[in-house]
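What follows is the residue order along each chain.
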Amino acid sequence: MKAHFAAAALLIGASLAHAAELSGDTRAHDPTLLIGEGGVQHVFTTGAGLQRLKSVDAGKTWHREAPVFTEANKPGWWTQAVPAHKGLDVWAPKLFKHAGKVWVLYSISTFGKNTSAIGLASAASPESADWKDEGMVVASQPSDNFNAIDPDLFIDGGKLWLSYGSFWGGIRLTELDAETLRPIGETRFIARRKGGIEAPTLIKHGDWYYLFISHDLCCRGAESTYNIRVGRARSVWGPYLDKDGVDLMERGGTLIEEGGPRWKGPGHQDVVGDTLVRHAYDAEDGGKPHLRIGPLRWTPDGWPSL
């Protein structure tokens, strides 16, 4: 038993040490990670025009690059889809590679409203200065029981799956056409929670599909209560159950990470291989959000943890 606890302590210490190594410009909210040519790492985050960070030393040191969108190239459909949208305020990107290009899904909305839309853009590389507007993928209106923000793209055996959602009816899942990257077939809720749920991330590990979600509340600085949870299923459609067998449609979710003395409200995670990327609010920096990166560990019975 002592050996077990010692090993666990070493794993936790390694994770925290890895996160503590980050330096440079690490201000980020809702981060998504893509590893490019030569191991160069790219993180896109919520912010004016979609903010971009880059690391050339295996994710230890970060610097900020020019945003994806400017007033000169922002898509014209934004105003029609979300009339109250402000300027270049763009949220919650998801970076991925497909069909020889780099793509980014992103959200436009207004805080606390579900007049929202998920957009798509493409480029030759994540550091390209020339991004092509690929239009709107899905939208929501006040009459809908979902919120079209926080997109995640999961590729499984040639099939593309889009999950998204924040509050309202919960997290939704739909298949995308591999050529048009538009929804095909049914759309289904796969997780819900009245107390706050958003920011889905789907991955496959072994024979299981895993759905990571963020519970509770973001965007309150050091008062944020975000926490990261997970469930798993044998099918991409679910049902996703937590470690205790509770369905994520019934408020379930096994805890992966919650806030501590310094780092508050970790959440809006991205999972790349066995790496967990998320933001957390730094109580030692006025509650500002910063990038956090750490390795996921897998238990013998197939559950992820930090």
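Scroll up for the structure.
Below or above, wherever it landed, is the structure these notes cover. What you see is a predicted model, and the numbers here were worked out from it, not measured in a lab.

Looking only at helices and strands, one finds two helices and 23 strands in the protein. The C-alpha atoms of the protein give a radius of gyration of 18 Å, which matches the 19 Å a tight globule of 306 residues would have. Expressed along its principal axes, the backbone C-alpha trace of the protein runs to roughly 60 × 40 × 40 Å. Contacts spanning at least 24 positions in sequence make up 48% of the contacts within the protein whose residues lie at least 6 apart. For the protein, the exposed surface amounts to about 13100 Å²; the carbon and sulfur share of it is 54%. Considering the protein, the positive charge centre built from 33 side chains and the negative charge centre built from 36 side chains are found 3 Å apart.

For the peptide bond that leads from Gly 238 to Pro 239, omega is 5°, which places it in the cis range. Relative to the assigned elements, Pro 239 resides in the loop between strand S17 (227–233) and strand S18 (254–257). Its identity as a non-glycine residue notwithstanding, Ala 92 has a phi of 45°, on the positive side. Phi is positive for Ala 99, which is not a glycine, with a value near 55°. Note on placement: Ala 99 falls in the loop between strand S7 (89–98) and strand S8 (101–108). Ala 99 sits in the exposed class, given a relative accessible area of 60%.

Procedures and definitions
Residues numbered from 1 in each chain as written. Predicted model: local features only at pLDDT ≥ 70, side-chain atom pairs only at ≥ 80, totals over all residues. Heavy atoms only, no water. Helix = DSSP H or I, 4+ residues; strand = E, 2+ residues; numbered from the N terminus. Rg over C-alpha atoms; globule rule 2.2 N^0.38 Å. Contact = heavy atoms within 4.5 Å. Areas by Shrake-Rupley, 256 points an atom, 1.4 Å probe, with all protein chains shown as cover. Lys, Arg positive; Asp, Glu negative; His and termini not counted. Charge placed at Lys NZ, Arg CZ, Asp CG, Glu CD. Buried < 20%, exposed > 50% of the residue type's maximum accessible area, 1.4 Å probe, protein only.

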